[in-house]
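A structural walkthrough
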Amino acid sequence: MSQVRVRFAPSPTGFFHIGSARTALFNWLYARHTGGTFILRIEDTDNARNSEEFLNVIYDSLRWLGLNWDEGPAVGGCGGGECGPYRQSERAHVYREYLEKLKATGRTYEKDGAIWFKLLGEREEVYDDFRKKTVTKVKTAPMVIDDAIRGRVERVEDEDFVIVRSDGNPVFHFVNVVDDIAMKITHVIRGEDHLSNTSKHVALFEAFGVKPPVFAHIPLILKQNGPGKMSKRDQGALIEEYQKRGYLPEAVVNFITLLGWSPGGDREKLPIEEIVTLFDLPAVNQSNARFDDKKMAHMNMLYLLALPPEQFVARAREYFARNGVDTGAASEAYVAEVLALAQPKIKGVEELPAYTAYFWSETYPTDEKARAKATGKGEPKARLAELIEAVRVMDLGSDAAIEAAIKALAEARGLGFGDYQGVARIALTGLAAGPSITSIVRLLGRERVIARLERFAAGL
RNA sequence: GUCCCCAUCGUCUAGCCCGGUUAGGACACUACCCUUUCACGGUAAGAACCGGGGUUCGAAUCCCCGUGGGGACGCCA
């Protein structure tokens, strides 16, 4: 059995979206599963839409997701290889060479300054009512596509098509096939939107006298709301966005793996090594999947929860730095402790700034609804006054000590812990929800706690 | 319009290939439990085999038709 060689061939014409990410991922998984080679090829044949910025987004997103390429543009330790260059804009000489080969077989002709690929068969002029023009139809035998996911698919290709534009630039169908031949690609794993193109590609492979690779057309990702496939403009479509929002790449990878593939049974969260072991083409679904941001967020939470605290803190710090979240004069240890406290409570790192604001500064927003609710019943002023007195002499050395002190206070008055917890929380944090009140008191320290309680009581 | 692909809870899916299940899990939603708030966790509930024909003792599973969804029909990729 020859070595598996797969390629991911994006074109840098826009931001890197989730559909591209999954195509890249499935190619990568298949390469890793089979011990094959994962090639990155940049399809930047001149169309005036390519940009260096988008190219970097591709590199950046792939690396963030952990999809390292074995051959391709040399970036950050990835890439290199025998079949370069890997940017189509640098492969003009290859296309010229293959074009000559094709010309020699008599399968090309010129028309309107462009070079066309000639199909074999009887021809007739037909008026196409849909496209409102006369076209030349060719009676050809159906092209057979051997698809690892869909089985045998037949499609009739019945019109010649352009392979080199009148400006001299070769067209996608041509360069795609030429590069797949030149790079010895064995499996073409791509989105189902290419299935209809595949008959063109098979015709080209045959014209070159090359056995076509195994095709594997994976289902599309549909937009969450409304009809159609996910596009770059849809909510949650861009990989960059998850990166910015502090999602864990492992979680994103795990989630998109599950869009169109399943390890079988009840399992969903599984380490990438295991996905690599279990992944195979025939197990890929044939039906399109609708994107679901809630489930994505849930997967992220699962990974966040499982992260060792030091790692969580490191990621959170990085997020803070990137987003200019100011932790004031807080010490490293204090910041780490606050973040670790938040880890099991939040769904995503992006919630952190709002969730922890009161730990960094004396000016933090107050949730007025929560304030009204917390102070609307009982005797908040009295509870606050009692608490202030208690805190003055309280042992703040541990959560347990604080808890014991508040419980003792409550008991002495025939009240419950909750009678103090509620007002204390809104006074100290401005929020209805958060970490345990004992931890908040301990971390804030006596002075700040008393000051905040007094200030809050004065406002009642 | 033509061609191609697809069809299990609202969503992602297991089961389908190799017919016999109380059709399973997860997200979301609801209730309850845990609890010091909020989460997490736990328990429970609701929720699906697109329709119609076949084949068969028996069909989610095999076949056909319909319908629905998606894609392609560029000198874009």
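Residues numbered from 1 in each chain as written. Chains lettered and ligands numbered in written order. Predicted model: local features only at pLDDT ≥ 70, side-chain atom pairs only at ≥ 80, totals over all residues. Heavy atoms only, no water.

**Observations regarding the sheet that holds strand S5 (residues 108-111)**
The condition is simple: Strand pairing follows a simple DSSP-based rule, namely that at least 2 bridges must link the two strands. Numbered from the N terminus, helices here are DSSP runs of H or I no shorter than four residues, and strands are runs of E no shorter than two. All axes here are fitted lines through C-alpha atoms, helices being fitted over the stretch that makes contact, and every angle between N-to-C directions spans 0 to 180 degrees.
Taken together, the three strands give an open sheet; going across it, the order is S5-S6-S11, and neighbouring strands pair in antiparallel fashion. Two strands lie at the open edges of the sheet, namely S5 and strand S11 (161-164), each paired on one side alone. On average, each strand axis in the sheet is inclined to that of its neighbour by 45 degrees, with strand direction left out of account. With four bridges joining them, S5 and strand S6 (residues 114-117) adopt antiparallel strand pairing. Each residue of the ladder has a partner; that of glutamate 110, found in S6, is isoleucine 115.

**Brief notes about the protein's contact with RNA strand B**
Here is the rule: For this description, a residue counts as near a given molecule or strand if any of its non-hydrogen atoms is within 4 Å of it. Whenever a nitrogen or oxygen atom comes within 3.5 Å of another N or O atom, the pair is scored as a polar contact, on the condition that within protein one atom can donate a hydrogen and the other can accept it, and that pairs from neighbouring residues in sequence are kept only if both atoms are in side chains. Charged residues are taken to be Asp, Glu, Lys and Arg, nonpolar residues to be Ala, Val, Leu, Ile, Met, Phe, Trp, Tyr, Cys and Pro, and polar residues to be all remaining types, Gly included.
Around RNA strand B, the surrounding shell holds 63 residues, and the nearest of these are Arg150, Arg165, Lys345, Ala432 and Gly434. Within 4 Å of the protein, atoms of RNA strand B come from sugar and phosphate in 66% of cases. Aspartate 266 places a side-chain nitrogen or oxygen 3.3 Å from a sugar or linking oxygen of RNA strand B. Here a phosphate oxygen of RNA strand B and a side-chain polar atom of histidine 298 are 3.2 Å apart. Counting residues per element, the ones that place at least two in the surface near RNA strand B are strand S10 (151-155), helix H4 (172-182), strand S15 (289-290), helix H9 (293-306), helix H16 (417-429) and helix H17 (437-444). Per-element tally for the surface near RNA strand B: the top contributor is H9, with five residues. Grouping the amino acids of the surface near RNA strand B by side-chain chemistry returns 21 nonpolar, 21 polar and 21 charged.

**Looking at the packing of aromatic side chains**
Quick note on the threshold: Each aromatic pair joins two rings of Phe, Tyr and Trp (for Trp, the six-membered one) with centres within 6.5 Å, and gets the label stacked for planes under 30 degrees apart, edge-to-face for over 60, and tilted for any other angle. Accessibility here uses a 1.4 Å probe with only protein chains present; expressed as a share of the type maximum, an area under 20% marks a residue as buried, one over 50% as exposed, and anything in between as partly exposed.
According to the stated counting rule, one finds 17 aromatic pairs in the structure shown. The interplanar angle of 90 degrees and the centroid separation of 6.2 Å between the aromatic rings of phenylalanine 320 and tryptophan 360 together place this pair among those described as edge-to-face. Note that phenylalanine 320 is positioned in helix H10 (residues 309-322) and tryptophan 360 in helix H12 (residues 352-360), a separation of 40 residues in sequence. An identical accessibility class is assigned to phenylalanine 320 and tryptophan 360; each is buried. Taken together, a centroid distance of 6.5 Å and an interplanar angle of 70 degrees make the contact between tyrosine 358 and tyrosine 364 edge-to-face. You'll find tyrosine 358 and tyrosine 364 in the same group, each marked buried. Taken together, the aromatic side chains of Phe320, Tyr334, Tyr358, Phe359, Trp360 and Tyr364 make up a single cluster linked through ring pairs.

**Re the confidence of the model for chain A**
Heads up, the condition is: On a scale of 0 to 100, pLDDT captures the predictor's confidence in every residue.
Chain-level pLDDT for chain A is 95 on average; 99% of the residues reach the 70-or-more range. Across the interfaces of the predicted complex, the ipTM metric reaches 0.95, alongside a pTM of 0.94.

**Looking at the pairing of strand S12 (residues 187-191)**
By the criterion of burial, S12 is predominantly enclosed, with five of the five residues buried. Relative to strand S13 (residues 214-218), S12 runs parallel, the two being bridged by five bridges. Within S13, the residue paired with arginine 190 across the bridge is histidine 217.

**Considerations on unusual backbone geometry**
Going from glycine 84 to proline 85, the amide bond is cis rather than trans, its omega being -5 degrees. Mapped onto the elements, proline 85 comes out in the loop between strand S4 (78-80) and helix H3 (92-104). Positive phi outside glycine occurs at lysine 132, with the angle close to 55 degrees. Among the structural elements, lysine 132 can be located in the loop between strand S7 (122-128) and strand S8 (133-139).

**Considering the pattern of salt bridges**
The test is simple: A pair is scored as a salt bridge if a Lys or Arg side-chain nitrogen falls within 4 Å of a carboxyl oxygen belonging to Asp or Glu.
Under the definition given, this model contains 40 salt bridges. Taking the shortest distance from any N to any O, the salt bridge between aspartate 129 and lysine 132 comes out at 3.6 Å. As a salt-bridge pair, glutamate 241 and arginine 245 come within 3.2 Å of each other at their nearest N and O atoms. Its relative accessible area of 26% is what places arginine 245 among the partly exposed residues. When salt bridges that share partners are traced, they join Arg7, Arg41, Glu43, Arg91, Asp179 and Asp180 into one network.

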